[in-house]
Every structure is written in C-alpha cells, then in structure tokens.
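# Inside the fold
Residues per chain are reported as follows:
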Amino acid sequence: MASTPSPRAAPPKPTWDPRIPARPLLRPTIRIRLTLLYGGMFLIAGVMLLSIIYLLTRQALYISTDDLPFDILRGEVRPTKSWCQLPGPVTTEEFNEAVAACLQYQRDLALDDLLRRSLFALLGLSIIAFAFGYAMAGRVLSPLGRITRTARQVAGSDLTRRIKLAGPDDELKELADTFDDMLERLDRAFTAQQRFVANASHELRTPLAINRTLLEVHLSDPAAPVELRELGKALLATNERSEQLVEGLLLLARSENQIVERKPVDIAEVASRAVDQVRGEAEEKGVAFRVSTAPAVVQGNGVLLERIALNLVQNAVRYNVPEDGWVEVTTSVEHGQAVLVVSNTGPVVPAYEIDNLFEPFRRLREERTGSDRGVGLGLSIVRSVTRAHGGRITAEPREGGGLVMRVTLPR
C-alpha cells in the first residue's frame with residue numbers, strides 16, 4: 001500500500017508589512033542631501049582656503065636677490081636694507097647674530113604680510129560662502145514654501161488645490177503627498193456634505209410648496225370660520241419660515257464652493273438694489289437710510305453678491321433701535337479692493353459676541369425659534385459667499401450701539 005505524501009510546509013510569514021511599499025536602501029532623504037550639501041560645502045571651502053594660504057605662503061617666503069638684506073661683494077658684506085645694520089670688525093659669532101637678526105626681521109615682515117592677505121581671503125570666502133549657502137538653503141526649503149502657499153490657499157476654502165511636489169522621494173515629498181491625500185479626503189467629505197444639504201433642500205421644497213398652496217386655498221374661502229383662518233395664517237407663517245430655512249440651507253451649500261463662472265459686477269449697483277428692496281420694511285420700522293455709493297466692480301456671481309448686500313441691509317434694519325434709527329450703506333475702492341460697509345444704530349453688541357453672529361442659527365441673546373427676524377442664516381451665508389469670492393468680512397461694535405459690517409472683495 002502506497003504511503004500518502006506528507007503535507008507541504010506552509011511558507012514563512014513575512015517579517016515586513018506588505019502594505020508599506022519597499023524603499024531603496026540608499027534613499028535620498030533630506031538628511032542625506034543636507035549632509036552631502038554641508039559636507040561638500042565645507043570640503044570645497046577648506047580646499048579653497050588651503051590653496052589660497054599655500055599660494056600666499058609661497059609668495060611670502062619667496063626671496064629674490066633684490067630682497068636680500070645684504071650683498072657680498074669681493075668678500076665684503078654690505079647691507080642693502082635700512083633696517084639691517086651689520087657691525088664693523090667683529091668676531092664671527094657677533095657677525096652671525098647680526099645676520100640672523102636681519103633674517104628674522106625679514107621673516108616677521110613676510111608673516112605680517114601673509115596674515116593680512118589671509119584675512120582678506122577669509123573675508124572674501126565668507127561672503128561667497130554665505131551667498132552660496134543662502135541660495136542653496138532657499139533651494140532646499142523651496143518645497144516647504146510650496147506646501148505653505150498651498151495650505152494658505154486651502155485656508156481660504158479652496159480644497160481643490162494640491163501640492164503635487166516633484167523631486168526625489170525624501171521626507172519633504174512624503175509630507176507633500178500626505179498633505180495631498182488629506183486634502184483629497186477633506187474635499188470628498190465636504191463635497192458629500194454639500195451635496196447632501198443641497199439634495200435635502202431640494203426634496204423639502206416640494207412638500208413645503210404644496211402645504212403653502214393648500215393653506216392659501218383654504219384661507220381664500222370666505223366661508224371658513226374665523227378660528228380656522230387664524231390657524232391657517234399661523235401655519236402659513238410657519239411654512240414660510242420653513243421655506244426660508246430651506247432656501248438658506250441651499251444657498252449656504254452653494255456658497256461654500258468656489259465661484260467658477262465670474263462676471264463683472266458693480267458692488268454699488270448691488271447695494272442700491274438691496275436698499276430698494278428693504279426700503280419698505282425700513283419705513284415701517286422708522287429706519288432712515290444713508291446711502292453713499294461709488295463704482296466698485298468685482299469679478300463674481302451677481303446673485304450671490306446681491307445676497308451679501310441684501311442680508312446685511314436686512315439685518316441692519318431688523319436689528320435696530322425702535323425710534324430714530326438709521327442704516328448707512330457705502331461702497332468704495334480701497335487699495336485695489338472693493339469695499340462694502342453697512343453700519344447701523346441698534347443694541348449694544350459685546351465684542352466677544354461678534355464671532356458667534358456668523359455661526360448658523362445664532363443670534364445675539366435670542367432663541368433660534370419664535371422670531372420674525374429670519375432663520376439665523378443671514379450672516380453665515382454672507383461669510384460663506386464672501387469667502388467663495390476670495391474676500392473677507394469683519395464686524396465691529398459701534399460706539400453707542402449697533403454694528404459696522406465691512407466686506408472686502410478682490411477686484
């Protein structure tokens with residue numbers, strides 16, 4: 001009977017993680033590159049300095065016949081330098097000492113000249129080394145500057161930017177690739193969030209429109225009881241508020257993206273149109289307008305820019321004093337940028353509450369429901385639209401009450 005073959009041994013488990021890509025042993029890391037750079041610069045500077053010192057020393061120690069401190073003519077020693085004096089008839093030992101003194105003095109002169117020239121050479125090499133080091137440091141650190149510029153652009157809500165750093169596979173490229181992967185994930189997450197808000201808003205529009213139509217039909221019935229009509233008005237107001245909330249959420253989701261199609265828009269015209277739309281509400285509340293507009297053309301979306309001015313003017317009118325209130329609207333061009341300023345009288349706003357006003361559903365010392373002043377998305381939409389156009393908005397409390405809202409947009 002044949003024996004059954006023994007089972008094959010299982011292959012050994014790998015000692016490395018297969019998910020980590022293999023890298024060469026001599027990977028050109030930034031540490032190796034900097035080591036080679038600094039070591040090479042030190043070696044080159046040392047060789048140059050050694051060569052210069054050698055040449056200077058050779059030149060300093062070279063003595064021609066014209067440089068001798070004395071001449072020997074017909075067996076008689078005659079000094080040729082003023083600093084070399086040889087005594088008259090003396091012993092051989094005294095004569096040798098005098099000659100050694102002359103040679104030592106000449107050697108000291110050569111060393112002093114060598115030191116002076118070496119200092120000038122060292123100064124020149126230092127200037128060259130600093131200039132070369134500055135240039136090489138800028139070249140080595142240029143990827144960090146590129147990463148910083150991309151991060152600054154991303155901070156302006158532009159998640160489509162990528163570094164895409166080329167070059168050796170070192171730590172800087174690994175950092176840039178990791179940053180790009182993070183931006184990719186953030187971009188997908190924000191896009192999914194905005195798509196969800198937009199889809200939800202669109203889905204809610206239809207039932208809200210149907211409810212509004214049914215309520216208006218019942219309210220138009222003259223035979224409807226008074227109680228039913230009052231209830232219908234309350235429900236219609238609630239439905240209108242829900243529609244405003246849906247429209248605000250949809251606009252907020254749209255304004256979080258960068259504006260792709262841009263056209264010339266005059267901020268002065270946008271501000272004037274917003275004032276005309278709110279003028280009736282302002283007259284009912286006894287609020288006066290002070291309008292001073294100058295042409296300020298920017299590249300952007302006209303509908304969204306009009307929403308900026310309309311929301312700011314509406315807030316300025318609604319959050320005002322009961323009597324003798326005013327709203328001031330100005331447009332101008334400052335330092336090459338279009339500026340829209342909306343200031344008003346109103347309640348005193350603490351400085352620490354300013355940032356909270358730009359958050360969704362946040363109002364100053366008020367609940368988010370039960371108010372006829374809006375749905376709490378006005379300033380959030382203004383900030384999102386401003387950022388989408390590459391601008392910025394700031395708010396400052398006015399002395400005596402109210403706010404000064406300042407929108408700055410690039411032209």
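Keep in mind that what you see is a predicted model, and the values were worked out from it rather than measured.

Cut-offs applied
Residues numbered from 1 in each chain as written. Predicted model: local features only at pLDDT ≥ 70, side-chain atom pairs only at ≥ 80, totals over all residues. Heavy atoms only, no water. Helix = DSSP H or I, 4+ residues; strand = E, 2+ residues; numbered from the N terminus. Contact = heavy atoms within 4.5 Å. Expected span 1.5 Å × (residues − 1). Buried < 20%, exposed > 50% of the residue type's maximum accessible area, 1.4 Å probe, protein only. Polar contact = N/O pair within 3.5 Å; in protein donor to acceptor, adjacent residues only side chain to side chain. Patch = residues over 30% accessible without salt bridge, like charges linked within 9 Å, V, L, I, M, F, W, Y side chains within 5 Å. Areas by Shrake-Rupley, 256 points an atom, 1.4 Å probe, with all protein chains shown as cover. Salt bridge = Lys/Arg side-chain N within 4 Å of Asp/Glu carboxyl O. Core = buried A, V, L, I, M, F, W, Y, C linked by side-chain atoms within 4.5 Å. Phe/Tyr/Trp six-rings, centres within 6.5 Å; stacked < 30°, edge-to-face > 60°. Lys NZ or Arg CZ within 6 Å of the ring centre and 35° of its normal. Pairing = 2+ DSSP bridges. Axes fitted to C-alpha atoms, helices over the stretch in contact; angles between N-to-C directions. pLDDT = per-residue confidence, 0-100. Left-handed = near helix turned anticlockwise from the far one by under 90°. Nonpolar A, V, L, I, M, F, W, Y, C, P; charged D, E, K, R; others polar.

### Looking at the overall build of the protein chain
Along the protein chain, the regular secondary structure elements total eight helices and nine strands. Contacts in the protein chain between residues far apart in sequence, at least 24 positions, make up 67% of those at least 6 positions apart.

### Focus on helix H6 (residues 302-318)
Given a rise of 1.5 Å per residue, 17 residues ought to cover 24 Å, and the 24 Å separating the end C-alpha atoms of H6 matches this to within 8%. By the criterion of burial, H6 is predominantly enclosed, with 13 of the 17 residues buried.

### Details of the side chain of Thr 386
Relative to the elements of secondary structure, Thr 386 occurs in helix H8 (residues 378-388). Residue Thr 386 is classed as buried on the basis of its relative accessible area of 1%. From its side chain, Thr 386 meets the backbone oxygen of Val 382 in a polar contact 2.6 Å long. Here Thr 386 is in contact with Ile 308, Gly 391, Arg 392, Ile 393, Val 407, Thr 408 and Leu 409, once residues within four sequence places are set aside.

### What to know about a nonpolar patch on the surface
On the surface, Leu 141, Leu 144 and Leu 175 cluster together to form a nonpolar patch covering roughly 250 Å² of accessible area. Structurally, Leu 141 is set in helix H2 (residues 92-155).

### Re the nonpolar core
Leu 312 and Leu 340 are the most contacted members of the largest nonpolar core, which has 41 residues in total. Other than its neighbours up to four places away in sequence, Leu 340 contacts Ile 267, Ala 271, Ile 308, Ala 309, Leu 312, Val 329, Thr 330, Thr 331, Met 405, Arg 406 and Val 407. Among the nonpolar cores identified, the runner-up in size contains seven residues, and Ile 147, Leu 159, Ile 163 and Leu 165 belong to it.

### Some words on the packing of aromatic side chains
Evaluation of the coordinates by the stated rule reveals zero aromatic pairs. Stacked on the ring of Trp 326, the Lys or Arg Arg 290 has its end atom at 4.2 Å from the ring centre.

### Here we look at the pattern of salt bridges
All chains considered together, the criterion is met by seven salt bridges. Across the salt bridge formed by Glu 334 and Arg 406, the nearest N and O atoms sit 2.4 Å from each other. Taken as a pair, Glu 334 in strand S6 (residues 325-334) and Arg 406 in strand S9 (residues 403-410) lie far apart in primary sequence, 72 residues in all. Look at the salt bridges and you will find they share partners, linking Glu 269, Arg 273 and Glu 306 into a network.

### Observations concerning the pairing of strand S7 (residues 337-344)
Within S7, seven of the eight residues are buried, which leaves the element mostly enclosed by the surrounding structure. Count of turn residues in the S6/S7 antiparallel hairpin: two residues, of which His 335 carries a positive phi of about 55°. Note: S7 against S9, seven bridges, orientation antiparallel. Paired with Leu 340 across the two strands is Val 407, which belongs to S9.

### What about helix H3 (residues 171-219)?
For H3, which comprises 49 residues, the first-to-last C-alpha distance of 71 Å matches the rise-based estimate of 72 Å (1.5 Å per residue) to within 8%. Regarding H3, the residues found buried are Leu 172, Lys 173, Ala 176, Phe 179, Asp 180, Leu 183, Gln 194, Ala 198, Ser 201, Leu 208, Leu 215 and Leu 219.

### Let's talk about the sheet that holds strand S4 (residues 287-293)
In spatial order, the strands read S4-S6-S7-S9-S8; together these five strands make up an open sheet with mixed pairing. Every other strand in the sheet has two partners, leaving S4 and strand S8 (392-397) as the edge strands with one partner each. Direction aside, the axes of adjacent strands within the sheet are offset by 15° on average. In the packing of H6 onto the sheet, the strands contacted are S4, S6, S7, S8 and S9, and the crossing angle to S7 comes to about 20°.

### Here we look at the confidence of the model for the protein chain
Of all residues in the protein chain, 75% have pLDDT values of 70 or greater, and the mean over the chain is 76. Low confidence marks residues 13-19, where pLDDT is under 50. Its contacts with residues over four positions away, or in another chain, come to zero contacts.

### Some points on the side chain of Asn 239
Position of Asn 239 among the secondary structure elements: in helix H4 (residues 226-255). Judged by relative accessible area, which is 6%, Asn 239 ranks as buried. From its side chain, Asn 239 meets the backbone oxygen of Leu 208 in a polar contact 3.1 Å long. Once residues within four sequence positions are removed from consideration, Asn 239 is found in contact with Leu 208, Asn 211, Arg 212 and Leu 215.

### Overview of unusual backbone geometry
With phi around 55°, Asp 324 is a residue other than glycine that occupies positive phi space. According to the relative accessible area criterion, Asp 324 is exposed, its value standing at 71%. Although it is not a glycine, His 335 sits at a positive phi angle of roughly 55°. Locating His 335 in the fold gives a position in the loop between S6 and S7.

### Overview of the packing of H6 against H8
Packed helix pairs are specified by the crossing angle of their axes together with the interaxial distance, meaning the distance between the axes. One can describe the packing of H6 onto H8 by two numbers: an axis separation of 9 Å at closest approach and a directional angle of 145°. The hand of the H6/H8 crossing is left-handed. Facing H6, whose interface residues are Leu 304, Leu 305, Arg 307, Ile 308, Asn 311, Leu 312 and Asn 315, H8 presents Gly 378, Leu 379, Ile 381, Val 382, Val 385 and Thr 386. Class assignment of the residues belonging to the contact of H6 with H8 gives a composition of eight nonpolar, four polar and one charged.

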